[in-house]
Amino acid sequence: MHSGNNWGGSFEIMNGAESTTDDDRSRNMEWDRGALHSQQHYRNLDETQQSWLLYPQETKKKKYVDLGCIVCSTKAFKWTLYSLVVVFMVIALPTIIVKTLPDHKSPPPPPDNYTLALHKALLFFNAQKSGKLPKNNGIPWRGDSGLQDGNDTDFKGGLVGGYYDAGDNVKFHFPMAFTMTMLSWSLIEYNHKYKAIGEYNHMRDLIKWGTDYLLLTFNSSATKIDKIYCQVGGSLNGSTTPDDHYCWERPEDMDYRRPSIFVNAGPDLAGEIAAALAAASIVFRDNNAYSKMLVKGAVTVFDFAREGGKRRPYSRGQPYVEPFYNSTGYYDEYMWGAAWLYYATGNISYISLATNPGIPKNSRAFYMTPNLSVLSWDNKLPAAMLLLTRFRIFLSPGYPYEDMLRMYHNVTGLNMCSYLQQFHVFNWTKGGMIQLNQGKPQPLQYVANAAFLASLFVDYLNASSVPGINCGPKFVSLNDLRSFATSQIDYILGKNPMNMSYVVGYGSKFPRHVHHRGASIPHDNKRYSCTGGWKWRDSRNRNPNNITGAMVGGPDRFDNFHDVRTNFNQTEPTLAGNAGLVAALVSLTSGGGFGIDKNAIFSAVPPLYPQSPPPPPPWKP
C-alpha cells in the first residue's frame with residue numbers, strides 16, 4: 001500500500017509489464033506524475049491550508065440577458081417580468097375594465113331648499129328693473145319703461161334705470177341704495193356660494209344695474225356736489241291727481257307726470273349711497289376702471305354727507321318722501337358708510353371716523369334699546385357694528401381702535417342674544433316668528449335681516465374658532481344662533497301656521513294676489529289707463545303674472561295672512577326686504593360649502609403694523 005494514498009487502496013506502478021486485458025491495462029497504467037506531485041504538495045500544507053481545499057465550491061456559470069442598454073441576469077429579468085405582470089393584473093387591468101364599463105355616475109345631491117328659494121328670490125330684482133331692459137332679463141311680462149325719467153333734471157341722460165321700489169312705480173333712492181349695499185355685502189362674503197350655484201354673474205349684473213343708476217343721482221364726475229336726487233315719481237297722500245299711487249298702470253304704460261325730487265342736504269341718503277358704491281367697488285375689483293369710478297363717487301358723495309351746515313335728514317319737509325321712507329337719523333349711516341369706505345380705500349381717516357366716540361354717542365349705539373338692534377333700511381347700526389366687529393376679529397388692529405371696536409363687538413353679541421326667544425327681549429308669535437317691529441305691518445323684512453346678521457356672525461366666529469357667546473351668565477353656542485336664523489327663514493318659506501310660503505313661486509302654496517301693478521295686469525298688448533287699471537287692482541282673480549321670488553310683507557302678529565291684493569301691508573313686496581332675504585338665504589345654503597371669504601373684503605386695507613426691515617447684507621471681511 002502506498003503511503004501517500006489517503007483514499008485507500010494502493011498505488012502500484014508496474015514498469016514494463018503489459019496486460020493483455022482491459023483490467024490488466026487499467027492496473028498496469030502509468031500514474032500521472034503531476035497528480036502525484038500534487039498529492040505530495042498537499043501533504044506538505046498545514047491543517048488550515050488543507051481545510052481550504054477539502055470542499056471546493058463548485059459554482060455554476062450565470063446566464064445573462066443583453067437588453068442593449070443594460071445587461072442583467074436571466075433570473076433578475078424573469079422576476080422583473082413576473083412583477084410587471086402582477087402589477088398589471090392588480091392595478092391596470094381593473095382600471096381598464098372600469099373605464100370600459102358603461103358610465104353610471106350617481107347624480108349630484110339635489111340643491112337644498114335655501115338654494116332653490118335663492119334662485120327664485122333673485123328673479124324678483126329682474127322684475128323690478130326700470131329703464132331699457134337687457135334681452136336676457138328673463139321676465140316675459142316686463143318691458144322697457146321709465147325712459148323719460150329725469151327729463152326734468154339738469155343731468156345729461158336724466159335718471160333712466162334703477163329699480164322700482166315695490167308694487168308701485170316709484171324709485172326711492174334711499175332704500176334702493178341700502179338694497180345694493182346688502183346685495184354687495186352678501187356677494188363679498190359668500191362669492192364662492194354664488195359661484196357654486198351658478199348665480200355669481202347674475203348677482204353682479206343686478207348690483208351693477210343699481211350702482212350704474214346711483215351714479216346718475218348726483219354729479220359723480222365732480223369732486224364736490226351740492227345736491228342729490230332722492231326719488232323719481234311718487235304721490236301725495238289723499239291726492240286724486242294721476243300719480244304712482246292713484247293710478248294702477250303697468251310701468252310700461254305710465255303716462256302721468258313723474259317728478260324728480262332732489263335735496264341739498266341729506267347725510268343719511270348720501271351716507272347710504274356712499275356705502276353702496278364703496279361695497280360694490282369691492283365686488284368689481286376685477287374691473288379696475290369701474291371699481292375706481294365707484295370709489296370716486298363714494299368719496300364725493302360721502303364728503304357731501306359730512307358737509308357742515310347741511311346735516312339734517314333727507315326726508316325732512318319732503319311730502320313725497322316723508323310718509324313712505326322717513327329717515328330718523330344719520331349717524332348710523334356715518335358709521336356704516338365710513339366702514340365701507342375704509343374697506344374700499346384703506347384710508348385710515350374713514351376707520352378713524354367710524355370709531356370716533358361721537359358717532360356711537362350720537363347714534364345711541366350703546367343705549368341697548370331693543371329697536372336699535374333691528375336692522376332696516378332706516379337703522380344700519382347693528383349691521384355697521386357687525387361689519388366693524390369683523391375688522392377686530394380678523395385683523396386685530398389694536399391701538400387706537402381697539403377700545404371702540406371692543407365695544408362694538410360686545411354690543412353685537414348682545415344684539416344676537418336679544419334675538420333668542422329664551423331671553424324675552426322681543427315678542428314672538430305662537431307660530432314662531434320674532435316680532436322685531438313690535439307687531440306692526442310688513443314684519444318679514446326685519447325677520448330676514450336679523451336672520452342674515454345672526455348667520456353671518458356665526459360664520460365670523462366659526463372662522464376664528466370661537467364656539468359661542470355669553471349672554472349674561474349663560475353661554476350660547478353657535479348652533480343656537482344658527483338655529484335662530486334657520487327657524488326664521490324656514491318660517492318665511494312655509495313652516496308656519498298658514499303652511500304658506502311667503503316667497504312667490506316657492507312651494508305649492510304662496511300668495512297669488514300680490515299687491516303689484518305689473519304682475520296684476522295681463523300681458524295682453526292692451527294699454528290700460530290710470531283708472532282703467534283699477535279693475536285689475538280690485539279683481540278677486542289671481543294675478544295673471546307671478547312675480548317669482550318676491551317676498552311679501554308677511555302675516556300679522558297672530559300668524560294670520562290675508563291674500564288680498566288691496567291688503568298692501570301683507571301682500572306688497574319691497575326691494576329692501578328682498579335684499580335681506582337673499583343675503584340670509586345665501587348664508588344658509590350648503591351650495592359651495594360653508595363659511596365666508598375672510599380676505600377679499602380687506603384687499604385694499606394696508607398693513608396695520610410696520611413691516612419687518614429687510615435682512616442686512618452678508619458680512620464681508
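Residues numbered from 1 in each chain as written. Predicted model: local features only at pLDDT ≥ 70, side-chain atom pairs only at ≥ 80, totals over all residues. Heavy atoms only, no water.

1. Describing the pattern of salt bridges
Within the structure shown, the criterion is met by 22 salt bridges. Across the pair Arg406 and Asp403 runs a salt bridge whose closest N-O atoms are separated by 3.4 Å. Of the two residues, Arg406 and Asp403 both sit in helix H15 (residues 402-419), three residues apart, roughly one turn of that helix. Given the relative accessible area of 35%, Arg406 is considered partly exposed. Each of Arg250, Asp253, Asp255, Asp524 and Arg527 takes part in a single network of salt bridges with overlapping partners. (Salt bridge = Lys/Arg side-chain N within 4 Å of Asp/Glu carboxyl O. Helix = DSSP H or I, 4+ residues; strand = E, 2+ residues; numbered from the N terminus. Buried < 20%, exposed > 50% of the residue type's maximum accessible area, 1.4 Å probe, protein only.)

2. A word on the state of the cysteines
By definition, a disulfide links the sulfur atoms of two cysteine residues through a covalent bond. Applying the stated criterion across every chain yields a total of two disulfides. Shown here is the disulfide that connects Cys247 with Cys530, its sulfur atoms set 2.0 Å apart. Across the S-S bond of Cys247 and Cys530 the torsion is about -90°, and the bridge reads as left-handed. In this pair, Cys247 sits in the loop between strand S4 (228-232) and strand S5 (260-263) while Cys530 sits in the loop between helix H18 (517-520) and helix H19 (534-537), placing the two residues 283 residues apart along the sequence. There is a disulfide in this structure between Cys417 and Cys471, and the S-S distance comes to 1.9 Å. Residues Cys417 and Cys471 are joined through a disulfide that is left-handed, its torsion about the S-S bond being -85°. In this pair, Cys417 sits in helix H15 while Cys471 sits in strand S6 (residues 468-471), placing the two residues 54 residues apart along the sequence. For the pair formed by Cys417 and Cys471, the shared burial category is buried. Counting only the cysteines that take part in disulfides, in the order they occur along the protein chain, gives the pairing 1-4, 2-3. (Disulfide = S-S within 2.5 Å.)

3. Considering the pairing of S6
The side chains of a regular strand alternate between the sheet's two faces. Here S6 pairs with strand S7 (residues 474-477) via four bridges, running antiparallel. When the bridges of S7 are listed, Asn470 appears paired with Phe475. Between S6 and the antiparallel strand that follows it, S7, lie two residues; Gly472 among them carries a positive phi value of about 65°. (Pairing = 2+ DSSP bridges.)

4. A short note on the packing of aromatic side chains
Aromatic ring pairs are reported here in terms of the distance separating the ring centres and the angle at which the planes meet. Under the definition given, this model contains 31 aromatic pairs. Note on Trp185 and Trp340: the rings are 6.1 Å apart at their centroids and 85° apart in plane angle, and the pair reads as edge-to-face. On the criterion of sequence distance, the pair formed by Trp185 in helix H6 (residues 173-189) and Trp340 in helix H11 (residues 331-345) is long-range, its members being 155 residues apart. Residue classification places Trp340 among the buried positions, given a relative accessible area of 0%. Summarising the aromatic geometry, the rings of Tyr528 and Trp536 are spaced 5.7 Å apart at their centres and angled 80° between planes, so their arrangement reads as edge-to-face. Of the aromatic side chains, those joined through ring pairs into one cluster are Trp185, Trp336, Trp340, Tyr342, Tyr343, Phe391, Phe452 and Phe602. (Phe/Tyr/Trp six-rings, centres within 6.5 Å; stacked < 30°, edge-to-face > 60°.)

5. With respect to unusual backbone geometry
Cis geometry marks the peptide bond from Tyr399 to Pro400; its omega dihedral reads 5°. We note that Ser396 has phi near 45°; this positive angle belongs to a residue other than glycine. You can see Ser396 is positioned in the loop between helix H14 (381-395) and H15. The phi dihedral of Gln442 is positive, around 55°, even though this residue is not glycine. Turning to its location among the elements, Gln442 is positioned in the loop between H15 and helix H16 (444-463).

In short, geometric facts, not functional conclusions.
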